[in-house]
Amino acid sequence: MGARKSDIIVQFLTEAVVLTGLGGVVGLILGWTISRLCGLIFPNLPTAVPVWAAVSGVMVSVGVGLFFGIWPAGRAARLDPVEALRYE
């Protein structure tokens, strides 16, 4: 109650960026771990994760989070507070 539309949008977008950023980092760690395990199991197979691929993967994840976070953020900012608190 009393929050400005910009405050609500920033809150939603911050949540989207944090969640997708953490998901990107977890995926990066999981991919690196699988790459290292494959390198140990198959020593002749060159396994490496370039830094540019890791950074671009996390950035794409955050970008998708921002893109799909804008719509619910705008929708939530337009809601009437009484209607938003009503349970259906």
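Residues numbered from 1 in each chain as written. Predicted model: local features only at pLDDT ≥ 70, side-chain atom pairs only at ≥ 80, totals over all residues. Heavy atoms only, no water.

(A) Focus on the overall build of the protein. A count of helical and extended segments in the protein gives 3 helices and 0 strands. Shown N-terminal to C-terminal, the secondary structure of the protein runs as helices and strands in the order α-α-α. Computed over its C-alpha atoms, the radius of gyration of the protein comes to 19 Å, more than 25% above the 12 Å expected for a compact globule of 88 residues. On the principal axes, the C-alpha backbone points of the protein span a range of 65 × 25 × 15 Å. (Helix = DSSP H or I, 4+ residues; strand = E, 2+ residues; numbered from the N terminus. Rg over C-alpha atoms; globule rule 2.2 N^0.38 Å.)

(B) Representation of the packing of aromatic side chains. A complete count under the given rule lists 1 aromatic pair for this structure. Taking 4.9 Å as the distance between ring centres and 90° as the angle between the ring planes, the aromatic pair formed by Phe67 and Phe68 counts as edge-to-face. Here Phe67 matches Phe68 in class, with each residue exposed. (Phe/Tyr/Trp six-rings, centres within 6.5 Å; stacked < 30°, edge-to-face > 60°. Buried < 20%, exposed > 50% of the residue type's maximum accessible area, 1.4 Å probe, protein only.)

(C) Region of interest: the packing of helix α1 (residues 5–41) against helix α2 (residues 51–78). Between α1 and α2, the shortest axis-to-axis distance is 7 Å and the interhelical angle comes to 150°. Compared by their axis directions, α1 and α2 come out roughly antiparallel. At the point where α1 passes α2, the crossing takes the right-handed sense. Taken together, the residues of the contact of α1 with α2 sort by class into 17 nonpolar, 7 polar and 1 charged. (Axes fitted to C-alpha atoms, helices over the stretch in contact; angles between N-to-C directions. Parallel < 35°, antiparallel > 145°, perpendicular 65-115°, else oblique. Left-handed = near helix turned anticlockwise from the far one by under 90°. Nonpolar A, V, L, I, M, F, W, Y, C, P; charged D, E, K, R; others polar.)

(D) Inspection of α1 at higher detail. Between its first and last C-alpha, α1 extends 54 Å over 37 residues, near the 54 Å set by a 1.5 Å rise per residue. Those residues of α1 that sit buried are Ile8, Leu13, Ala16, Gly21, Gly24 and Ser35. Each element contacted by the buried residues of α1 is listed here: α2. (Expected span 1.5 Å × (residues − 1). Contact = heavy atoms within 4.5 Å.)

(E) Broad picture of α2. Here α2 spans 41 Å end to end across 28 residues, near enough to the 40 Å set by a 1.5 Å rise per residue. Considered for burial, the residues of α2 that qualify are Ala54, Val58, Ser61, Val62, Gly65, Gly69, Ala73, Gly74, Ala76 and Ala77. Among the structural elements, α1 are those in contact with the buried residues of α2.

(F) The environment of Pro46, seen in detail. Positionally, Pro46 belongs in the loop between α1 and α2. A residue is classified by how much of its surface remains accessible, and Pro46, at 74% relative accessible area, is exposed. Counting along the chain gives 11 residues from Pro46 to Ser35, while the straight-line C-alpha distance between them is 9.3 Å.

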